Amino acid sequence: MNKRVLITGGGRGIGAATARHLAGQGYHLCLNYRHDKGSAEALVAEILASHPVRCIAVQADVGVEAEVVRLFEEMDARLGPVTHLVNNAGRLQPQMRVLEMSAERINQTLTTNVTSCFLCCREAVRRMTAGGAIVNVSSAAARLGSAGEYVDYAAAKGAVDVLTRGLSLEVAAQGIRVNGVRPGFIYTDMHADGGEPGRVDRVKGQIPLQRGGQPAEVAAAIAWLLSDEASYVTGTFIDVAGGR
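Parameters and conventions
Residues numbered from 1 in each chain as written. Predicted model: local features only at pLDDT ≥ 70, side-chain atom pairs only at ≥ 80, totals over all residues. Heavy atoms only, no water. UniProt positions renumbered as here; feature names shortened; annotations may be inferred. Helix = DSSP H or I, 4+ residues; strand = E, 2+ residues; numbered from the N terminus. Rg over C-alpha atoms; globule rule 2.2 N^0.38 Å. Buried < 20%, exposed > 50% of the residue type's maximum accessible area, 1.4 Å probe, protein only. Contact = heavy atoms within 4.5 Å. Areas by Shrake-Rupley, 256 points an atom, 1.4 Å probe, with all protein chains shown as cover. Pairing = 2+ DSSP bridges. Right-handed = clockwise from strand over helix to strand, strands pointing away. Expected span 1.5 Å × (residues − 1). Arc of directions from axis to C-beta.

Taking an unreviewed UniProt entry as the reference, the chain is identified by name as 3-oxoacyl-[acyl-carrier-protein] reductase belonging to Aeromonas hydrophila subsp. hydrophila. Turning to the chain, the UniProt annotation filed under Sequence similarities (unreviewed entry) states: "Belongs to the short-chain dehydrogenases/reductases (SDR) family."

Next up, the structure:
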């Protein structure tokens, strides 16, 4: 199969690490970004310089239905229809207890983390044939709850887990696999969005492996789930969380 992967939130962090990993395996790549054009285009240039694959960057807010449709249509035109999808786009908002959360904040969190995943899965399944694969990037927060910090984010990722399981059953007979990866505390810029850039170092003593994770470690799990080596794996999850 000529493998063409779309990675949402593909310009930095786990998305960028996944792009580098998959480029090394011969995937052609469409890297979606929302705001950070510079990082996405720099990564495209890096990949094109080091791997014999095609790679493009496409701006779109994947929480907006019309932009998701445009994203997939642009990939269709420039690379060909998606065969593999990594739903990686996500957003943390400043740390806050549930008692302080507004409906606006909650709805923004759900749109960015849940609606985006539904819409991208929908457009991908419309295009995929047998052998297609989707990996949804969830979070260990879906199991742990993130009390006092990000219960809205944790709840959103819980919804992503249910989507992953339900969609896997809907499309299994079509030969399309859907799985999830649940990262724990990973060194990415996302923690700065929540107001605490050093959060991983603060909590690493609570992790059984006594350290935070690296984006490349999550990327390896995503790549395996996308690969033919995982051809009999669907509707399941890999926790990349240091034992939490």
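A count of helical and extended segments in the chain gives nine helices and seven strands. A compact globule built from 244 residues would reach a C-alpha radius of gyration of about 18 Å, and the chain, at 17 Å, matches this within 12%. Seen through its C-alpha atoms, the chain measures out along the principal axes to roughly 45 × 40 × 35 Å. For the chain, buried positions account for 51% of its 244 residues. Taking contacts inside the chain between residues at least 6 apart in sequence as the whole, the part at least 24 apart equals 75%. Approximately 10,500 Å² of the chain is accessible, and the part contributed by carbon and sulfur atoms is 53%.

Moving on: the side chain of N32. Mapping N32 onto the fold places it in strand β2 (residues 28-33). The buried category is assigned to N32, whose relative accessible area is 2%. With residues up to four places along the chain from it excluded, the contact list for N32 reads L6, I7, T8, G9, G10, G11, V58, Q59, A60, V62 and L71.

Buried residues dominate strand β3 (residues 55-59), accounting for four of its five residues. Direction of pairing for β2 relative to β3: parallel, over a ladder of five bridges. Bridge pairing links L31 to A57 in β3. Running through helix α2 (residues 37-50), the crossover from β2 to the neighbouring parallel element β3 is right-handed.

Before going further, it helps to examine α2. For α2, spanning 14 residues, the distance from its first C-alpha to its last is 20 Å, which sits close to the expected 20 Å at 1.5 Å a residue. Turning to α2, its buried residues number three or more, namely A40, L43, V44 and I47. Relative to the axis of α2, the buried residues are bounded by an arc of 105° and lie together on one face.

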